[in-house]
Amino acid sequence: MKKKIVLAIFTLQGNGAERFALTLAKGLVDAGHEAHIVYFKNIIDLPIHENIQLHFFDYQKYRAIPKFMRTGFAARAFDQFVLKHIGTPDLVLSNLYPVDFILAHSKLPNVHLVIHNTTSQEYAEQLNPKFIAQLKKTYLAKPCVGVSEGVTQDFKQLFGEQSQIKTIYNPIDVDEVRRTADEFVPEYQDYIVHVGKFKQQKRHDILIQAYAKANVPQKLVLVGTGELMQAAKQQVRDLNIEDKVIFAGFQKNPYPFIKHAKLMVVSSDFEGFSIAILEALALETAIISTDCPSGPNEVLPASHLVPVQDIDALAEKIQYVLQQQDRVCPLDTKFLPKTTVENYLGLIN
């Protein structure tokens, strides 16, 4: 029987939760179901599959309402919006805190909050008792889904026995990624790539230091934009490697950059899962990552992992993997859309 699934997300700009929503929606459509994406801010920077239905819920007009009143008003408005434009859904999946904050108060049936990051790390600087109590009001109000086992365990440790959470791994649409990766060939050749926003979590500073220390002939291509990009550019100037580091900016389609790279590096302090790792595996590109909480060690073998913030170890691993002939890891079928779709449909009861 055809099911109606709503995926709610703030914008369709980015490479993490946003691509997850689009990949899962396509998987649901391919399996014969209705997939509706409701986005809160009118920004779309990503390609949308033709059979995914998009709906813009204008959240901005509720921002003037004080926070303690806003959730109730916005949640009721969201519910009415969905019922009017989509109908009664079989499953609603909320993605990322600004949306979770609202949908925790939704009265629609079968609302689940998808946890995309290790909560204790994401909010490490704010984890005082008052803020934890605020998070609990959101994340204990509805059942949740962790995108990796590490995310799920971290969530349980933070919120205790009251937690309602299960693990469903993020999907990777291998055929779509490979097709999209052939849309063009980057102008760069013989390079290492990193894909991600310039923010503290991603630790571009660690990557740039390790790259400089590795002193390999390949250039470093950084795909993405963000608040720390200028700091990264200054670091590159300070290390006198401006001729070897390329800031490629945000790319709607990062897959050709991954496919043609000699190596992809993830240097994060923490990840929820890192879809980028799956993308590299799908494109048979060599990949190394920090052994951060959580996700990478659930996908990659130990030989492709290095300790978090260990510049020397990352530099050595970059040198080592670039010298190897057999550098590619296999992709486990549990990360394919069919499996993920079945697991999400299993939330409907």
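Everything below is about the structure printed above this text.
1. What to know about the nonpolar core
- Judged by nonpolar contacts, the single largest core of 98 residues is most densely connected at Phe40 and Phe78.
- In terms of residue count, helix 1 (residues 17–30) provides more of this core than any other element does, eight residues in total.
- In contact with Phe78, other than residues within four places in its own chain, are Val6, Ala8, Val38, Phe40, Phe57, Leu103 and Leu108.
- Ile192, Ala210, Ala214 and Ile241 belong to the second largest nonpolar core, which has 28 residues in total.

2. With respect to the packing of aromatic side chains
- Counted according to the given criterion, the structure contains 24 aromatic pairs.
- When the centroid spacing of 5.7 Å and the interplanar angle of 90 degrees are considered together, the rings of Phe57 and Phe78 count as edge-to-face. Residue Phe57 is located in the loop between strand 3 (53–56) and helix 2 (67–85), and its partner Phe78 is located in helix 2; the two are separated by 21 residues in the primary sequence.
- Residue Phe57 is classed as buried on the basis of its relative accessible area of 4%.
- Look at Phe78 and you get buried, because its relative accessible area is 0%.
- Here Tyr139 and Phe155 contribute two aromatic rings whose centre-to-centre distance is 6.2 Å and whose plane-to-plane angle is 85 degrees, an arrangement assigned as edge-to-face. In this pair, Tyr139 sits in helix 5 (residues 129–139) while Phe155 sits in helix 6 (residues 149–159), placing the two residues 16 residues apart along the sequence. Like Tyr139, the residue Phe155 is buried in the burial classification.
- In this structure, Lys67 packs its charged tip against the face of Phe101, placed 5.4 Å from the ring centre.
- Arg76 extends its terminal NZ or CZ atom over the ring of Phe73, reaching a point 5.3 Å from the ring centre.

Calculation rules
In this numbering scheme, every chain counts its residues from 1 along its sequence in written order. Only residues with pLDDT of 70 or above have their local features reported here, since the model is predicted, and side-chain atom pairs are shown and tallied only from 80 upward, although totals for entire chains, interfaces and linings are computed over all residues. As a rule here, side-chain values cover all heavy atoms of the structure and leave hydrogens and water aside. We define the nonpolar core as a collection of buried residues of types Ala, Val, Leu, Ile, Met, Phe, Trp, Tyr and Cys that are connected through side-chain atoms lying within 4.5 Å of one another. With a 1.4 Å probe rolled over the protein chains alone, any residue whose accessible area is under 20% of its type maximum counts as buried; one over 50% counts as exposed, and the rest are partly exposed. Helix numbers and strand numbers start at the N terminus; a helix is a DSSP run of H or I with at least 4 residues, a strand a run of E with at least 2. Residues are treated as being in contact if the distance between any of their heavy atoms lies within 4.5 Å. We call Phe, Tyr and Trp rings a pair once their centres come within 6.5 Å, taking the six-membered ring for Trp, and we label the pair stacked below 30 degrees between planes, edge-to-face above 60, and tilted otherwise. Sitting over a ring, as applied to charges here, requires NZ of Lys or CZ of Arg to be within 6 Å of the ring centre and within 35 degrees of the ring normal.

By themselves, these figures tell us nothing about what the structure is for.
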